[in-house]
Amino acid sequence: MSEIHRLKSQIVSRFSLGGFQIRSEASTFLAQQLQPLDDAERKKWITNVANHVQGQCLNLPVIEKQHIELAIKEANNTGLDDSETIFRVISAFEVPSFVYCVEKKKFLPDTNKRSLLATPDGKSSYIRERYWLLWQKTSRHETFSQRTTPGMEAPGNRNKLSLRKVENILSTSKMNDVVLLGLLTQLTEGRYYLEDPTGSIPIDISTATYSPGLFCEGCFLLAYGKYRDGVLKVEEIGFPMPELATNSRAFFGTVNSWGGPSKTLLKYSRNLNDLEKANVEHSLVFLSDCWLDNPIVMEKLEQLLRGYDDFPPVAIVLMGPFARSIENVYTLKGHFVKLGEILSSCEKLKSQTDLVIVPSIDDPAAANILPRPPVPEALAGELKKRFPRTILTTNPCRLQYCTQQIVVCRADLVTKLCRNTIHFPKEGLLEEHFARTIINQNTLAPLTPIAFPTHWNYDAALSLYPLPDLIVIGDPCQGFHTTEQECTVMNVGSFPKSKYAFKVYYPSSRTVEDSQIPDEE
């Protein structure tokens, strides 16, 4: 009996004890990896790999080669607990949902079952939860908080403002120094209102001054002004107060508010933090508008992939649309096959890099609404066979690299905010206004459902609270990156429209590198 055959028998026997059937290709691959080791180390590794496979929570008890590769990768994370992984992709439909408890002044897990088919009160429910999220962080801001000893007035407290509700304002005929947090809506054509859970009030914004940002219907505003004759005359308009992620997390307790299998938040993992700091060369690569049906784009992609085969990143994130035009949906299958053929010849990428496929709303087999499901296996299954480390995920999705939290969304979000804003800023950079808008609104969708359709029951997937470390947007407009409230906001731009530019993120230093495929001489 050959040594490989003997090892395969041991592997099959060990996995069968756990109720698994291992494919011949997978057992051969593991046997080849273990062959250089002595017998004691082989037994240790077989048990270790089997335990990691069991932790993958597979739908079927059948072990494929990619399951073994992932288990080996996780087992190599020396010193990490079973729930700690260097890199993980979290589907939008697996992001945990929380509701704010006013009495306890903290966020509690939402135990209601969710489905794509929302009940009639689903719309009002998710908007109401957005309001309470913004209300609780704004009311805690030093501008409004009044934490003084009864009977004593702290220095400067004379200028403290009170955050009002609509019902309080409507209960009187006039009121000065009104500060109201509300949803900007048009309940009647041509007339703006601010709305909160207690009611709505018409506003006059004709002479208002605006703080930096892109103000659209569907976003929440913080308005200051005077109430007269049933109308709030607004003098100043701003966004809800921003809040650092470290402060926000205190109101979630120790629960995992990010997502993934870990019961606790990996943000606090010392092991992962040490790994993150030690691996300064680790990087994540982001591209958008990967038109696989365009020969030049495919050529540039091949050039990029072969270039990175010498210095493999942790992950390469490809965002759609994956075809510029689709007459027959199944032509896309052939393009994914070609991409798989290129990747299959990149040996280092095959063993060290995850390929994350994020669809756009223009890709086939899903409605024009977020979050949208992954590219179907029927179209991209051959890509996974040729490059087993392919991950087909949702749009948006979440990435966890060591302790870093990253949100990825392929949407024309910058463009839509610019088109729908009621006041376009005359000063400042567009990227700064955009970043401030989504950071202060704490959502990827600060627009009306008509302008930006979303699944009401899965609004948590679009949430940016607490703030992540990095927000990656795939908008065809010019790429950029900026930082707001210690959160990096990055637009990748269009790969083909930007002369094949892309972004590279280095988690250890939290820096973004602008990169580009050079033109051939």
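On a predicted model such as this, the values are computed, not experimentally measured, just so you know.

(A) Structural view of the packing of helix α1 (residues 3-17) against helix α2 (residues 24-34). The N-to-C vectors of α1 and α2 enclose an angle of 120°; their axes lie 9 Å apart at closest approach. As α1 packs across α2, the resulting crossing turns out to be right-handed. Along its contact with α1, which presents Ile4, Leu7, Lys8, Ile11, Val12 and Phe15, the element α2 presents Ser24, Ser27, Thr28, Leu30, Ala31, Gln32 and Leu34. A per-class count over the contact of α1 with α2 returns eight nonpolar, four polar and one charged.

(B) Spotlight on helix α14 (residues 430-441). Across its twelve residues, α14 extends 17 Å between first and last C-alpha, which sits within 8% of the 16 Å expected from 1.5 Å per residue. For α14, the complete set of buried residues consists of His433, Phe434, Ala435, Thr437, Ile438, Ile439, Asn440 and Gln441. Structurally, α14 contributes buried residues whose contacts are with α5 (122-139), β12 (220-228), α13 (413-420), β21 (470-473), β22 (480-484) and β23 (487-491). Directly after α14, the chain includes Asn442, whose backbone phi takes a positive value near 55°.

(C) Quick look at the packing of aromatic side chains. Summed over all chains, the structure comprises 15 aromatic pairs. Centre to centre, the rings of Phe98 and Phe252 are 5.2 Å apart; their planes meet at 90°, and the pair counts as edge-to-face. Placement of Phe98 in strand β4 (residues 98-101) and of Phe252 in the loop between α7 (245-248) and α8 (270-278) is noted, with a sequence separation of 154 residues between them. Judged by relative accessible area, which is 15%, Phe98 ranks as buried. Measuring from ring centre to ring centre gives 5.2 Å for Phe495 and Tyr500, while their planes differ by 75°; the resulting arrangement is edge-to-face. The buried category is assigned to Phe495, whose relative accessible area is 0%. Residue classification places Tyr500 among the buried residues on the basis of a relative accessible area of 12%. Three or more aromatic residues joined by ring pairs form one cluster here, namely Phe98, Tyr100, Phe107, Phe252 and Tyr465.

(D) Spotlight on the sheet that holds strand β15 (residues 315-319). As summarised here, the arrangement of the six strands in space is β17-β16-β15-β14-β24-β25, forming an open sheet in which the pairing is mixed. Looking at strand neighbours, the two that pair on one side only are β17 (390-392) and β25 (511-516), the edges of this open sheet. Adjacent strand axes in the sheet meet at a mean angle of 20°, parallel and antiparallel pairs treated alike. Across six bridges, the pairing between strand β24 (residues 501-506) and β25 is antiparallel. Paired with Val504 across the strands is Glu513, a residue of β25. Against the sheet, helix α12 (residues 377-386) engages β16 (354-358) and β17, with an angle of about 165° to β17.

About the cut-offs
- Residues numbered from 1 in each chain as written.
- Predicted model: local features only at pLDDT ≥ 70, side-chain atom pairs only at ≥ 80, totals over all residues.
- Heavy atoms only, no water.
- Axes fitted to C-alpha atoms, helices over the stretch in contact; angles between N-to-C directions.
- Helix = DSSP H or I, 4+ residues; strand = E, 2+ residues; numbered from the N terminus.
- Left-handed = near helix turned anticlockwise from the far one by under 90°.
- Contact = heavy atoms within 4.5 Å.
- Nonpolar A, V, L, I, M, F, W, Y, C, P; charged D, E, K, R; others polar.
- Expected span 1.5 Å × (residues − 1).
- Buried < 20%, exposed > 50% of the residue type's maximum accessible area, 1.4 Å probe, protein only.
- Phe/Tyr/Trp six-rings, centres within 6.5 Å; stacked < 30°, edge-to-face > 60°.
- Pairing = 2+ DSSP bridges.

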